[in-house]
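Residue strings, one per chain:
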Amino acid sequence: MSSTEFEAGDLDEVTLTDDEAALMRGLCAEAVEAIGNADLGTQATMTTVELLGCRLPERLVAALVTFRCVGSPGGALLVRNVPVDDRLPTTPTDGYLPDWRAAGIATAAQLMVMSHLGNIIGYADEKRGRVVQDVAPIAGAEHQQENSGSAYLELHTENGFHPFKPDFLSLLCLRPDHDRSGQTLTGAATRVRSRLSESCVAVLRQPLFRIQFSSSFAQLGSTGYSEPVAVLSGPADDLELTADFHAMEPMTRTARHALDELDAVLTASLTSVALDVGSLLVVDNWRAVHGRTGFTARYDGTDRWLRRCFAVADLRRSRAVRAAGSRVFAPLTAILADRSPVQSPAPLSGGTGSTISA
Ligand SMILES: O=C(O)CCC(=O)C(=O)O
Ligand SMILES: [Fe+2]
């Protein structure tokens, strides 16, 4: 897909003034110093981050709090001129920055922003449980539907198959791709509601869809699936959606048609942004799906490099799946083993359409 097919410019946006960015940079330096050698994914670090985050520029905090509590029709908020380190290391070619302190200012900035959206978390299954993760192309993974790829990344809800999916995610750009063709895409259900047929909405509101676990979560080589979920939920004028146009499987023919209709309508009205150094995109993982256009990687240390961070609104709900004082969720297989068995993948009965045969 070419980037010119997408509309830009209708994102909610805050650009920090140079004074605001300088204030934030000072707080980030304090945070790096205060965290020292402590593990990032601990409550102790999060307390430090939250305390310093209270002193972020008021205009930024107001935008974040409003986005958290009220949301926005586009489901995304772009913050520009976020401080990052003056001298950044090369883009990690294996997807892992060896030591977060090499990008300490950027790391602290992202954590402070996310601390206003919820409680920062990570997944043991993914990126070694890191709470700030590197998103960079990996040689050989070009066509993977994962953030290590560089081909078009289909629209998705982040970890929509997981019982503790993030409520918010952020992507902070440390380095854009060479020809600026890698554009982050967002699509919100509320924006497209009027273009969906009533029958499509009715089907998408039923739990007729399951999502295949992404490879990092599918341990034991299994192909696990979420329990059946509905794609659309919530009030008609502020719809929520859970979708993944790569990993979601409709369980009936009618469900397949409805998902195809949503895909076509969403794809025709996406918002795109070519993130630049210091641009941080926050996505409401309930109101919007996100993806990325393709780009060409060189694998020479100068490639596109984003950093990603997740937050949940309610930390209490996950306390049984985290070690005391940790923000990292246990492996999905362990979480599911502690629950009642996952629903059989057999399609639902109930007259919503004929079954898709394998
Ligand atoms: O590379 C991008 O712009 C988006 C990547 C993405 O979807 C992710 O890391 O979750
Ligand atoms: Fe994603």
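No experiment lies behind these values; they were computed from the predicted model shown.

Caption draft 1: Focus on the overall build of the chain. Scanning the chain from N- to C-terminus turns up eight helices and 16 strands. Relative to its length of 358 residues, the chain is compact, with a C-alpha radius of gyration of 20 Å against a globular reference of 21 Å. Each principal axis of the C-alpha distribution contributes one length, and for the chain these read about 60 × 45 × 40 Å. When each of the 358 residues of the chain is scored for burial, the buried share is 54%. In the chain, the share of contacts with a sequence separation of at least 24, taken over all contacts with a separation of at least 6, comes to 82%. Looking at the chain, you have 32 positive and 43 negative side-chain charges, and the mean spots of the two groups are 3 Å apart.

Caption draft 2: Geometry of the pattern of salt bridges. Under the counting rule described, the total for this entry stands at 15 salt bridges. Note that Asp 238 and Arg 287 form a salt bridge whose closest N and O atoms lie 2.8 Å from each other. Separated by 49 residues along the polypeptide, Asp 238 in the loop between strand S9 (232–233) and strand S10 (240–241) and Arg 287 in the loop between strand S13 (280–284) and strand S14 (288–292) bring together distant segments of the chain. Each of Glu 126, Glu 158 and Arg 308 takes part in a single network of salt bridges with overlapping partners.

Caption draft 3: Representation of the environment of Arg 339 in the model. Relative to the assigned elements, Arg 339 resides in the segment after helix H8 (332–337). Given the relative accessible area of 40%, Arg 339 is considered partly exposed. Each C-alpha atom of the pair Arg 339 and Cys 173 lies 38 Å from the other, and the pair is 166 residues apart in sequence. In this structure, Arg 339 is in contact with Pro 163 and Phe 164, ignoring residues within four places of it in sequence.

Caption draft 4: Up close: the site of ligand 1. Every residue near ligand 1 is listed here: Val 135, Asn 147, Leu 153, His 156, Glu 158, Leu 171, Thr 184, His 290, Arg 292, Arg 304, Leu 306 and Arg 308. Contact between ligand 1 and His 156: an oxygen atom at 3.2 Å from a side-chain N or O atom of the residue. Contact with the protein chains removes 99% of the 300 Å² of surface that ligand 1 exposes when unbound. Elements represented by at least two residues in the shell around ligand 1 include exactly strand S5 (153–156), S14 and strand S15 (305–312). In terms of residue class, the shell around ligand 1 is built from four nonpolar, four polar and four charged.

Caption draft 5: Highlighting the coordination of the iron ion (ligand 2). Here the iron ion (ligand 2) is held by the protein donor atoms His 156 (NE2), Glu 158 (OE) and His 290 (NE2), which lie 2.0 to 2.1 Å from it. As a motif over one chain, the donors of the iron ion (ligand 2) read H-x1-E-x131-H. Of the two residues, His 156 sits in strand S5 while His 290 sits in strand S14, which places them 134 residues apart along the sequence. The pair His 156 / His 290 is uniform in exposure class, with both members buried.

Caption draft 6: How the structure looks around unusual backbone geometry. In this structure, Lys 127 is a non-glycine residue whose phi angle is positive, near 50°. With respect to the helices, strands and loops of the structure, Lys 127 is situated in the loop between strand S3 (119–123) and strand S4 (132–135). We note that Arg 180 has phi near 55°; this positive angle belongs to a residue other than glycine. By the element assignment, Arg 180 lies in the loop between strand S6 (168–175) and strand S7 (184–188).

Caption draft 7: Quick look at the pairing of S3. Within S3, five of the five residues are buried, which leaves the element mostly enclosed by the surrounding structure. Because side chains alternate across S3, one face comprises the buried residues Asn 119, Ile 121 and Tyr 123, and the other comprises Ile 120 and Gly 122, equally buried. Summarising the sheet, S3 and S15 pair through three bridges and their orientation is antiparallel. If you follow Ile 120 over to S15, its bridge partner there is Ala 311. Bridge count between S3 and strand S16 (residues 328–329): two bridges; the pairing is parallel.

Caption draft 8: Region of interest: the sheet that holds S14. The strand order across the open sheet built from four strands is S5-S14-S7-S12, with neighbouring strands paired in antiparallel fashion. Here the strands that pair on one side only, and so sit at the sheet edges, are S5 and strand S12 (271–273). Averaged over neighbouring strand pairs, the angle between their axes works out to 20° when direction is ignored. Looking at chain direction, S7 and S14 are connected through five bridges and run antiparallel. Its bridge partner being in S14, Ala 188 is matched across the sheet by Ala 288.

Caption draft 9: Highlighting the packing of helix H1 (residues 18–35) against helix H2 (residues 43–53). Put simply, H1 and H2 touch, their axes get as near as 10 Å, and they point 160° apart. With respect to their mutual orientation, H1 and H2 come out roughly antiparallel. The hand of the H1/H2 crossing is right-handed. When H1 is examined against H2, the residues Leu 27, Glu 30, Ala 31, Ala 34 and Ile 35 are found in contact with a partner set consisting of Thr 45, Thr 48, Val 49 and Leu 52. Classifying every residue of the contact of H1 with H2 gives six nonpolar, two polar and one charged.

Caption draft 10: View of the packing of aromatic side chains. Evaluation of the coordinates by the stated rule reveals seven aromatic pairs. Relative to Phe 168, the ring of Phe 67 lies with its centre 5.9 Å away and its plane at 50°, an arrangement referred to as tilted. Residue Phe 67 is found in helix H3 (residues 58–69), and its partner Phe 168 is found in strand S6; the two are separated by 101 residues along the sequence. What makes Phe 168 buried here is its relative accessible area of 5%. Through pairs of rings, three or more aromatic residues link up here, namely Tyr 123, Phe 161, Phe 164, Phe 213, Phe 217, Phe 310 and Phe 329. Over the ring of Tyr 96 we find Lys 127, and its NZ or CZ is 5.3 Å from the ring centre. Lying over the aromatic face of Tyr 225, Arg 210 brings its terminal NZ or CZ to 3.7 Å of the ring centre.

What counts, and at which threshold
- Residues numbered from 1 in each chain as written.
- Chains lettered and ligands numbered in written order.
- Predicted model: local features only at pLDDT ≥ 70, side-chain atom pairs only at ≥ 80, totals over all residues.
- Heavy atoms only, no water.
- Helix = DSSP H or I, 4+ residues; strand = E, 2+ residues; numbered from the N terminus.
- Rg over C-alpha atoms; globule rule 2.2 N^0.38 Å.
- Buried < 20%, exposed > 50% of the residue type's maximum accessible area, 1.4 Å probe, protein only.
- Contact = heavy atoms within 4.5 Å.
- Lys, Arg positive; Asp, Glu negative; His and termini not counted.
- Charge placed at Lys NZ, Arg CZ, Asp CG, Glu CD.
- Salt bridge = Lys/Arg side-chain N within 4 Å of Asp/Glu carboxyl O.
- Near = heavy atom within 4 Å.
- Polar contact = N/O pair within 3.5 Å; in protein donor to acceptor, adjacent residues only side chain to side chain.
- Areas by Shrake-Rupley, 256 points an atom, 1.4 Å probe, with all protein chains shown as cover.
- Nonpolar A, V, L, I, M, F, W, Y, C, P; charged D, E, K, R; others polar.
- Donors = N, O, S within 2.8 Å, 3.2 Å for Na, K, Ca; no water.
- Pairing = 2+ DSSP bridges.
- Axes fitted to C-alpha atoms, helices over the stretch in contact; angles between N-to-C directions.
- Parallel < 35°, antiparallel > 145°, perpendicular 65-115°, else oblique.
- Left-handed = near helix turned anticlockwise from the far one by under 90°.
- Phe/Tyr/Trp six-rings, centres within 6.5 Å; stacked < 30°, edge-to-face > 60°.
- Lys NZ or Arg CZ within 6 Å of the ring centre and 35° of its normal.

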